[in-house]
Structure formats: structure tokens, C-alpha cells
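As a plain string of letters, each chain reads:
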Amino acid sequence: MQMNMIELIQKKKRGLEMTPTEIDWLVAGVTDGSLPDYQLSAWLMAVCFNGMTDAETLELTMAMARSGDIVDLSDLPGVKGDKHSTGGVGDKTTLIVAPVCAACGVTMAKMSGRGLGHTGGTVDKLEAIPGFTTSLDAGRFFEVVEKTGLCVVGQSGNLTPADKKLYALRDVTATVESLPLIASSIMSKKLAAGADCIVLDVKTGSGAFMKTTEDAIALARAMVDIGNGAGRTCAALVTDMERPLGLGIGNSLEVCEAVEVLRGGGPEDLREVSIALASALLRLAARREPGSFPSGVEESEAAVKKAISSGAAFDRLREMVRAQGGDDGALTDTSKLPRARSVYTVVSPSDGYIYSMDTERVGMASVLLGAGRLTQNDRIDHSTGIVLARKTGDSVSKGEVIAWLHTSDEDRAKRVETEFLKALTILRERPEDRPLLFGIVE
Ligand code: URA
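Nothing here was measured: the structure is a model prediction, and the numbers come from that model. Per chain, residues are indexed from 1 in the order of the written sequence. Side-chain atom pairs in this predicted model are given and counted only at pLDDT of 80 or more, local residue features only at pLDDT of at least 70, and totals for whole chains, interfaces and linings cover all residues. To get the side-chain values, take all heavy atoms of the structure and skip hydrogens and water.

1. Brief notes about the packing of helix H3 (residues 37-50) against helix H8 (residues 161-172)
When two helices pack together, their arrangement is captured by the angle between the axes and the distance separating the axes. Where H3 meets H8, the axes come as close as 10 Å, and the angle between the chain directions of the two elements is 75 degrees. Looking at the two axes, H3 sits roughly perpendicular to H8. Residues Asp37, Leu40, Ser41 and Leu44 of H3 pack against Lys165, Leu166, Leu169 and Arg170 of H8. Throughout, the ten residues Ala, Val, Leu, Ile, Met, Phe, Trp, Tyr, Cys and Pro are labelled nonpolar, Asp, Glu, Lys and Arg are labelled charged, and all others, Gly among them, are labelled polar. Looking at the contact of H3 with H8 residue by residue, the class counts come to four nonpolar, one polar and three charged. Axis lines are fitted through C-alpha atoms, for helices just across the contact stretch, and the angle between N-to-C directions can take any value from 0 to 180 degrees. The helix and strand labels rest on DSSP assignments: H or I over at least four residues marks a helix, E over at least two residues marks a strand, and numbering proceeds from the N terminus. Throughout this description, any angle smaller than 35 degrees is read as roughly parallel, any larger than 145 degrees as roughly antiparallel, any in the 65 to 115 degree range as roughly perpendicular, and the remainder as oblique. A contact between two residues is defined here by any heavy atoms of the two lying within 4.5 Å.

2. Looking at the nonpolar core
Take the buried residues of types Ala, Val, Leu, Ile, Met, Phe, Trp, Tyr and Cys, join any two whose side-chain atoms come within 4.5 Å, and each joined set is a nonpolar core. Relative accessibility under 20% of the residue-type maximum defines a buried residue, over 50% an exposed one, and the middle range a partly exposed one, all with a 1.4 Å probe and only protein chains included. Residues Val100, Ile386 and Phe420 are the most contacted members of the largest nonpolar core, which totals 73 residues. The dominant element in this core, judged by the number of residues it contributes, is helix H12 (residues 268-288), at 12 residues. With residues up to four places along the chain from it excluded, the contact list for Val100 reads Leu262, Ala278, Val304, Ala307, Ile308 and Ala313.

3. Quick word on the sheet that holds strand E4 (residues 197-204)
In this scheme, strands are said to pair when DSSP sees at least two bridges between them. Read from one edge to the other, the open sheet built from four strands follows the order E1-E4-E5-E13, with strand pairing classed as mixed. The outermost strands of the open sheet, each flanked by one partner alone, are strand E1 (81-85) and strand E13 (437-441). The average undirected angle you get between the axes of adjacent strands in this sheet is 15 degrees. With five bridges connecting them, E1 and E4 associate as parallel partners. The partner of Ser85 across the bridge, within E4, is Asp201. The strands touched by helix H10 (residues 213-229) within the sheet are E4, strand E5 (233-240) and E13, with E5 carrying the most contacts at an inclination of about 165 degrees. Relative to the sheet, H12 contacts E1, E4, E5 and E13, its axis offset from that of E4 by approximately 150 degrees.

4. Notes on the site of the ligand
The cutoff for a nearby residue is simple: one of its non-hydrogen atoms must lie within 4 Å of the molecule or strand. Around the ligand sit Tyr167, Arg170, Ile182, Ser185, Ile186, Lys189 and Phe209, and that is every residue in its neighbourhood. Pairing of N or O atoms within 3.5 Å defines a polar contact, subject to two protein rules: one partner must be a possible hydrogen donor and the other a possible acceptor, and residues neighboring in sequence count only if both atoms are side-chain atoms. The separation between an oxygen atom of the ligand and a polar side-chain atom of Arg170 is 2.9 Å. Accessibility throughout is a Shrake-Rupley quantity obtained with a 1.4 Å probe, and a residue counts as covered only by protein chains that appear here. In the complex, 88% of the free accessible area of the ligand, which totals 240 Å², lies under the protein chains.

5. Digging into the pattern of salt bridges
Counted as salt bridges are all cases of a side-chain nitrogen of Lys or Arg within 4 Å of a carboxyl oxygen of Asp or Glu. The full count for this structure, using the stated rule, is 31 salt bridges. Among the ionic pairs, Arg287 bridges to Glu442, the shortest N-O distance being 3.5 Å. Taken together, the residues Arg287 in helix H12 and Glu442 in the segment after E13 connect sequence positions 155 residues apart. For Arg287, a relative accessible area of 46% gives the class partly exposed. The exposure class of Glu442 is partly exposed, given its relative accessible area of 46%. For Glu400, the salt bridge is made with Arg390, and the minimal N-O distance between the two is 2.5 Å.

6. Looking at helix H13 (residues 297-309)
Residues lying three or four places apart along an α-helix face the same way, a consequence of the helix completing one turn every 3.6 residues. Multiply 1.5 Å by the residue count of a helix minus one, and that product is the helix's expected span. Between its first and last C-alpha atoms H13 spans 18 Å; for 13 residues at 1.5 Å apiece the expected length is 18 Å, and the two agree. The inward-facing, buried residues of H13 abut helix H5 (94-103), helix H11 (251-262), H12 and helix H14 (312-323). Positioned one or two residues after H13, Gly311 has a phi angle of 85 degrees, which is positive.

7. Concerning the sheet that holds strand E6 (residues 248-249)
With antiparallel pairing, four strands are arranged side by side in an open sheet as E6-E9-E11-E7. Bordering the open sheet on either side are E6 and strand E7 (342-347), each of which pairs with just one other strand. As judged from the four bridges shared by strand E9 (residues 385-388) and strand E11 (residues 401-407), these two strands associate in the antiparallel manner. Bridge assignment links Gly385 to a residue of E11, and that residue is His406. With respect to the sheet, helix H16 (residues 359-371) is in contact with E6, E9 and E11, its orientation differing from that of E9 by roughly 135 degrees.

8. Let's talk about the side chain of Arg243
Mapping Arg243 onto the fold places it in the loop between E5 and E6. A polar atom in the side chain of Arg243 sits 3.2 Å from the backbone oxygen of Arg434. Leave out the neighbours within four places in its chain, and Arg243 touches Met357, Thr359, Lys391, Thr392 and Arg434.

9. Focus on unusual backbone geometry
The backbone of Thr160 sits at a positive phi, close to 45 degrees, despite the residue not being glycine. As for its position among the elements, Thr160 is in the loop between strand E3 (150-154) and H8. Using a relative accessible area of 1% as the deciding quantity, one classes Thr160 as buried. The backbone of Ala174 shows a phi angle near 55 degrees, a positive value even though the residue is not glycine.

10. Quick notes on the packing of aromatic side chains
Two rings belonging to Phe, Tyr or Trp (six-membered ring only in the last case) form a pair when the distance between their centres is within 6.5 Å. Interplanar angles under 30 degrees mark stacking, angles over 60 mark edge-to-face geometry, and anything in between is tilted. The final tally for this structure, using the stated rule, is one aromatic pair. Aromatic pair Phe141 and Phe142: ring centres 5.7 Å apart, planes at 85 degrees, arrangement edge-to-face.

11. With respect to the packing of helix H9 (residues 179-192) against H10
The contact between H9 and H10 brings their axes to 9 Å, and the two run at 45 degrees. Viewed along their axes, H9 and H10 adopt a mutual orientation that is oblique. Between H9 and H10 lies a crossing of right-handed hand. Of the residues in H10, those in contact with Leu179, Ile182, Ala183, Ser184, Ile186, Met187 and Leu191 of H9 are Asp215, Ala218, Leu219, Ala222, Met223, Ile226 and Gly227. Partitioning the contact of H9 with H10 into residue classes produces 11 nonpolar, two polar and one charged. Note: crossing handedness is left-handed where the near helix turns anticlockwise from the far helix by less than a right angle, and right-handed where it turns clockwise.

12. Comments concerning the pairing of strand E2 (residues 108-112)
Counting buried positions over the five residues of E2 gives five, a clear majority of the element. Here E2 shows two buried faces, one formed by Met108, Lys110 and Ser112 and the other by Ala109 and Met111. Sheet topology places E2 next to E3; five bridges connect them, and they run parallel. Directly across from Ser112, in E3, lies its bridge partner Gly154.

Next comes the structure, spelled out in C-alpha cells:
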């Protein structure tokens, strides 16, 4: 039957369910460029208003996953694991979770992204390590995984081209904020990347895409249902992004902090979220291959903590860094990582408590220092960023240091100090405690 886009727009406009054939036809038209942007934009807006059924969302995800390369990891030994965060500030958990899970026997053959807007990306952080490359050809990628059980590279060029096209259109037609569109966009990339088990970290709060916990839980549910519906084993943790994770924000600074956690120290919140994510991934692996991985919460957390305390996880990271051309000595002697020539202190303007932090604004302050990109072609300065001395809930006295800005540019430091202070609300009253983990969706 001949299909036409006007009928599909009408259908979505009336809130009717599209058939799998219709969705496949639409995605094929996105991929080969035969459907005009104005019709796709109208369809996207109709989806924003009327949503999609679970069956439609799954079909859209699968069709977008099939629109380009599908990574076939089946020749690699063991259970293949992946981890994805919806994006945060100071979120360096992949640098911890990936080597920990590899040390516990999960094969971590992983693609990661670059920073987006106010959020950081794993590929940018790893590139702070001198010599490290995140672009390996397929042959070398498989060799590194076989040798170390762990490899993290950038996204391959032709992964999910339909998502690439639709995401770019959504960006300029105010149609990003739609649960089925976000869930299918993220999950199409995860499915195409080929892992058996996927742990998702869905962030909630002022530094996250999903500002409310209710929305974050709904997104987590949708993504887990898609992953499980596609035959993968998935779980999502909903975690706090009402304040940055850990104390360091910016690429070199975050590598240092991840190394601290892998060596048994580091900030408590970062440790806790990393342990929760890694142990959740081990439990997913246990569902895939019973008997080979710990299946209970306590057992899996104990395995993760042992991988850290024994040094096994840190050794995995060192091996991966070496195998990907990096100077692994920079992980033990962090003075070998890029460092800003100067560090500027930011002091508290008043007495009281840090009542709240607009975390998106804190992330943007770090971007303004050079740790992220304002335009696509900007070059990152890996040495720059912010180290927090105080976070939400901490008491502060007027004149006391609340953060350090790492930059070699004094003018920038002055501008960023003003921006950073605008992100903070300091009151006499202490804010209520907020959980770090809001729940797990399986
Ligand atoms: N990240 C994605 O990859 N897609 C979305 O739609 C939103 C965030």
C-alpha cells in the first residue's frame, strides 16, 4: 500500500496509534532524506502533544536502531555490559563503573559521547589523559576488549542516522521535550551499540534534562521497557542532579576524582552512586548468566567494593589507558594531566547555608571556563574547571572559600565567578536533606 506523510501526521494529530509498517516507512524516509523537514516537524509536534503508545515507542526505537550500523559484539566472550547517563554536571561515573565491572568479569565494550550543553561527556574526559585516543577502528576496538575486558570509544560515524536527523530537527522545532522521543532517541543508540545488559542513570534535578523526579521515573520506566522489549536486560537508577556529583567539574579534574574513588577515596556521593550503578550492572549480568555474577544487592555491592579495595578496578583502567595509547602514569602522578596555570578562589558573599545550587548554571560556568563547548567547533581546554569546596546543605561564613576556578585566563575567571555566584542561593536556613538515589526501575 502506498503511504503518505499527510495521513501519518493526521493520525498522530488525532492521537491514533501508528502501525509498525507506518513507523518503519517513516524512519526509512528520515534516513534516506525523502521526507521533507516541514512534514517531519509537524509529525514531531503532534507526537509532543499526543504522545505514543508503548508499542509505537518500541517500534520507533528499533527502526532508528536499524537505520545505520549495528555493532555486533557476539564474537566477544562473556556478558557484554553498557552504562548510560542522561547527562549531568561532575558526572564521571563511567570512568569508575566501567573498570569496576570489567574487573568483576563483565565485558565492557563501550561507546560514549562528548559533552552536550552544560553537561560533560566521557569521551572529553578520557581525552584529558595524554596520548589517549577514543577513535579506534573496529579491529583495534575488539583487540583492546579481548586483552583488557574494557574499551571506551567515541560513537561510530553511522550509528542511528535517523536519530541524528530527527534530533537535529527536534532541537530547532521545540520538540525535544517529549518522553517517547527522548526515550527512543537514547535507547536506539544503546541498542545499536550491541550490549546485552544496560544500566541507565536517569538524573533528576536542576542540572538534569528531567527537572522533576516524577518525570525522571517515567523516563526511566519507558527506557527500561524498551530495552527489555528489545531482548536486552535493563535497569535504571534515578539519581540526584540537584547538585553536582562529587566536587570536581571539568575534564582533568574529573579524571583525578574518578581515580581517587578507584583508589579507595574520593567524595562520598560519587562513591555511592558509582557503587550503586556498578552493582546494578552486575545483577543484570547475573540474570543473563546465572552463577557467573552476584545476584543479590549485598553480594553485588560487596563484589564492587572488593574490586575497588583490591586495586583490580584501578588496574583495569590503567590497562585500558595503555591499550588506547594513553600515558597510564598520569593516573598515578596526576601532575602529568593538563593543569591550569592558575587557580582563583571564590569566597562566600554572606553567612548561612548553601540552600540550593542551580546545577545547570554551575555546569555552564565550567563550560565558560573552557571545559565544554559553546559552539560545535570549540576546542576544549582539558585543564579548566571548578572544584567545589562547599555544596548544598553546607554552612558557609562570609569570606570563606566555596570554590576554586581552574583557568589560565584571569578575565575569564572574573566573569565566571559572577556566573557561579548567581547559581547559589545562600540563606540562614538549612535546606532539607535530599536523597542521592530516588529508586531503581527494573
Ligand atoms: N539525549 C539523546 O540522545 N536524545 C534525546 O532526545 C535527549 C537526550
